[in-house]
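Structural overview
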Amino acid sequence: MTTDDMELIHGSGNVFRDFGHPNAGLEQARALVAAKIIGVLDDRQLSTREAEKLTGVPHSVFSRIRNTQLRRFTLDRMITILGKLDEEIEVSVTFRPRGENVDRPQLGL
């Protein structure tokens, strides 16, 4: 396969939407908060055990977040965990109507 056989498709900015997940907005939000939690742990060089001591959140929770096993987490729970890491949190939500004019990327190989 050469690069001439491939077509570049720009995504929507939400990979979950691009792959047709039914709760794409929620999954994207959880992924963003998880990435921030992981970033804080990495920046502070905290192990999951050290994070547990600092926040009171079980280390297994941090382990699941690090391994991106996010289905069991609500968004508010993840934001609470981020707050326990002494992070200031500001959430902004934008609502747009779904419509036929929204570009839906297609996968091309």
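Everything below is about the structure printed above this text.
What counts, and at which threshold
- Residues numbered from 1 in each chain as written.
- Predicted model: local features only at pLDDT ≥ 70, side-chain atom pairs only at ≥ 80, totals over all residues.
- Heavy atoms only, no water.
- Buried < 20%, exposed > 50% of the residue type's maximum accessible area, 1.4 Å probe, protein only.
- Helix = DSSP H or I, 4+ residues; strand = E, 2+ residues; numbered from the N terminus.
- Arc of directions from axis to C-beta.
- Contact = heavy atoms within 4.5 Å.
- Patch = residues over 30% accessible without salt bridge, like charges linked within 9 Å, V, L, I, M, F, W, Y side chains within 5 Å.
- Areas by Shrake-Rupley, 256 points an atom, 1.4 Å probe, with all protein chains shown as cover.
- Salt bridge = Lys/Arg side-chain N within 4 Å of Asp/Glu carboxyl O.
- Lys, Arg positive; Asp, Glu negative; His and termini not counted.

Observations concerning helix α4 (residues 59-66)
- Among the residues making up α4, those that are buried are Val 61, Phe 62, Arg 64 and Ile 65. Buried residues of α4, seen end-on, are gathered within an arc of 160° and therefore sit on one face of the element.
- At its buried positions, α4 is contacted by α2 (24-43), α3 (48-55) and α5 (75-84).
- In the segment just after α4, Thr 68 is the residue with positive phi, at about 50°.

Overview of a nonpolar patch on the surface
- Together, Ile 89, Val 91, Val 93 and Phe 95 make up a nonpolar patch on the protein surface, roughly 440 Å² of accessible area in all.
- Along the polypeptide, Phe 95 turns up in the segment after α5.
- Judged by its relative accessible area of 75%, Phe 95 falls in the exposed class.

Let's talk about the side chain of Arg 64
- As for its position among the elements, Arg 64 is in helix α4.
- This buried residue, Arg 64, is left without a salt bridge; Glu 52 holds the nearest opposite charge, at 11 Å.
- Sequence-distant contacts of Arg 64, that is, excluding residues within four places in its chain, are made with Gln 69, Arg 72, Phe 73 and Arg 77.

Any functional reading would require information beyond the geometric quantities listed.
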